[in-house]
Amino acid sequence: MVQSLDRSQGREGGSAGGVAAGPTDTHGTFTGNRALQIEEPLIFEMGQPGRCGVDLPEPPKVKDRFNGLRRSGEVGLPGLSEPQVVQHYTRLSQKNYAIDMGVYPLGSCTMKHNPRINEKVARLPGIGDLHPLQPVSTVQGALELIDRLAHWLKTLTGMPAVAMSPAAGAHGEMCGMMAIAAALEAKGERAQRRIVLAPESAHGTNPATAAALGFTVKPIPANDRGRVDLAALKAALGPDVAAIMLTNPNTCGLFESEIVEISKAVHAVGAYFYCDGANFNAIVGRVRPGDLGVDCMHINLHKTFSTPHGGGGPGAGPVVLSAALAPYAPYPWIVKQGDKWTVAEDGGALKSLGVEGTPLGRLKAFHGQMGMFTRALAYIMSHGADGLKQVAEDAVLSANYVMAALGDTMSPAFEGPCMHEALFDDRFLKGTGVSTLDFAKAMIDEGYHPMTMYFPLVVHGAMLIEPTESVAKEDLDQFIGALRSLTARAKTGTAAEAFKAAPLYSPRRRLDETLAARKPILRWKPSNNPPDDPMKQAAE
Ligand SMILES: *Cc1c(COP(=O)(O)O)cnc(C)c1O
């Protein structure tokens, strides 16, 4: 949509209908529509000058107070009727594939069903209508809600403290690593410990966070079991190491089976263990990271605890902290005094509450993502402790079901059972002329959003599938059937061209992704409209 006005882009071929195709209409239909998939122009292309959905009264005449600097042309907004606007945005919304439409196999992102009870509770007037600047006396319930969620997060992780305000996983990493840096500073070791270790399979945010804080990132290789190479890790440890950032279960969907030994080795040289908890959904209720020697860990509420994410929606990345790191937790601190909740936002407030701490400052305006907190707590409380344990078990069961059902025809990247994600490499496509990308594009024609591709980087042509606990078995079976069918077609060795042409049935075919990334056209320019059209000139 943002690419260009040339609608023929990515639409070559595929003259499927019985109606003769016009010159710009390569779908073979008069309209360019595909069944009830409507070809959607930009709203600026649809607009007509002077058209308006409502009757507005003439504005009163006022004296020019801008010293002649008045706009002389039109505002340049598209003019549409109300039904046109409604239809435009409804049709655009239908072009989004969504978790509410079907299987969403993206790995490493945990796209799981967002139960409606979460939404209902988050919209309750006493919660949805809160303002962050309300007097504390009027938000006692909200503060208690935050504290109750904090209690669950501490209990589930076996950690004594949690910083609630970080707005996403990456922000949580920043918070945790800043706490580690502050603790090192307090010990006078910040200058000496400049290295942060991160496995090669790490999510890109890990090295980015460490680098942003001025640490030098040293990658640790994976072994042939897809886990951290313990010998390589031990060799890298020394008095110059500040911390390790380790994901568990890791981004290959595997449990780091030597994690206790890793944490002992890290602590033995005086370094800290930052755990990336993005995959906590695979172990929640089963394993407490605190028992594994973790010093701090972020929790992506939008992954583990079913709050919406993606598309710009806010996430939330609370960070659980060990007793040693807890004093550095950022403001605000929510403290109960007698039966009143208070919010300490600076050193003076903390002191007057008689609370010990040297917070590293503030990471975010206000108290955190209240809507996400509410949804996460609703999810947690509606599942209960036993239900959360079952979430982890079912997520792992689903992934292993996929692994078992596809393991003989696709190529599992590593031997043995997985956790919440089934990771395949592209060995099964060898010699077929079909790449991981082609395979993923062909999935779109089968009605499936592709799995995560080419991540983690340690696996060649990676395909990472995370079904989560919320997909029904028959839906998984159909998904597996589609992948088996695609695999069989690819392996005939004569299907490369068909795969390269996929997707055939989507509104757009293959876009020039390099061009889109390098030279995105983010602004509409009226290239072929009449020059005397003031509205369109104004938009230029
Ligand atoms: C998603 C993810 C992150 C980053 O979390 P955001 O909430 O997207 O910032 C970090 N590490 C891993 C392993 C992840 O999967």
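Whatever comes next refers back to the structure up there.
Residues numbered from 1 in each chain as written. Predicted model: local features only at pLDDT ≥ 70, side-chain atom pairs only at ≥ 80, totals over all residues. Heavy atoms only, no water.

**Q** I would appreciate a short explanation of the sheet that holds strand E7 (residues 319-321) in the present structure.
**A** Pairing between sheet strands relies on hydrogen bonds along the backbone, with the strands arranged either parallel or antiparallel. Taken in spatial order, the seven strands of this open sheet run E1-E7-E6-E5-E4-E2-E3, and their pairing is mixed. Whereas interior strands pair on both sides, the edge strands pair on one side only; in this sheet they are strand E1 (161-163) and strand E3 (216-220). Taken over all neighbouring pairs, the strand axes of this sheet differ in orientation by 25° on average, direction set aside. When strand E2 (residues 195-199) meets E3, the two strands line up parallel, connected through five bridges. Across the sheet, Ile195 pairs through a bridge with Thr216, a residue of E3. Contacts from helix H7 (residues 205-212) reach E2, E3, strand E4 (241-247) and strand E5 (272-276), with the element oriented near 160° to E4. (Pairing = 2+ DSSP bridges. Helix = DSSP H or I, 4+ residues; strand = E, 2+ residues; numbered from the N terminus. Axes fitted to C-alpha atoms, helices over the stretch in contact; angles between N-to-C directions. Contact = heavy atoms within 4.5 Å.)

**Q** Help me out: how do you make sense of the pattern of salt bridges in this one?
**A** Pairing between side chains of opposite charge can happen when the charged atoms of each approach one another. Counted by the stated rule, this structure contains 20 salt bridges. Salt-bridge contacts for Arg123 lead to Glu119; the nearest nitrogen and oxygen are separated by 2.7 Å. Three or more residues are tied together by salt bridges with common partners; here these are Glu119, Arg123 and Arg375. (Salt bridge = Lys/Arg side-chain N within 4 Å of Asp/Glu carboxyl O.)

**Q** Hey, could you run me through the site of the ligand in this one?
**A** Taken together, 14 residues surround the ligand, and among them Gly169, Ala170, Asp276, His302 and Lys303 come closest. Ser108 places a main-chain nitrogen or oxygen 2.8 Å from an oxygen atom of the ligand. Measuring from a nitrogen atom of the ligand, one finds a side-chain N or O atom of Asp276 at 2.5 Å. Relative to its unbound accessible surface of 380 Å², the ligand loses 86% to contact with the protein. Among the elements of the structure, helix H6 (169-186) and helix H10 (301-304) are those that each provide at least two residues to the shell around the ligand. (Near = heavy atom within 4 Å. Polar contact = N/O pair within 3.5 Å; in protein donor to acceptor, adjacent residues only side chain to side chain. Areas by Shrake-Rupley, 256 points an atom, 1.4 Å probe, with all protein chains shown as cover.)

**Q** For this particular structure, what's the right way to read unusual backbone geometry?
**A** With glycine set apart, most residues show a phi of negative sign, and most peptide bonds adopt trans. That bond from Tyr331 to Pro332 is cis: its omega, 0°, falls within 30 degrees of zero. In this chain, Ala502 is followed by Pro503 through a cis amide linkage whose omega measures 0°. Here Pro503 shows up in the loop between helix H15 (496-501) and helix H16 (513-518). One non-glycine residue, Phe366, adopts positive backbone phi at about 65°. Within the secondary structure, Phe366 is located in the loop between helix H11 (347-352) and helix H12 (370-406).

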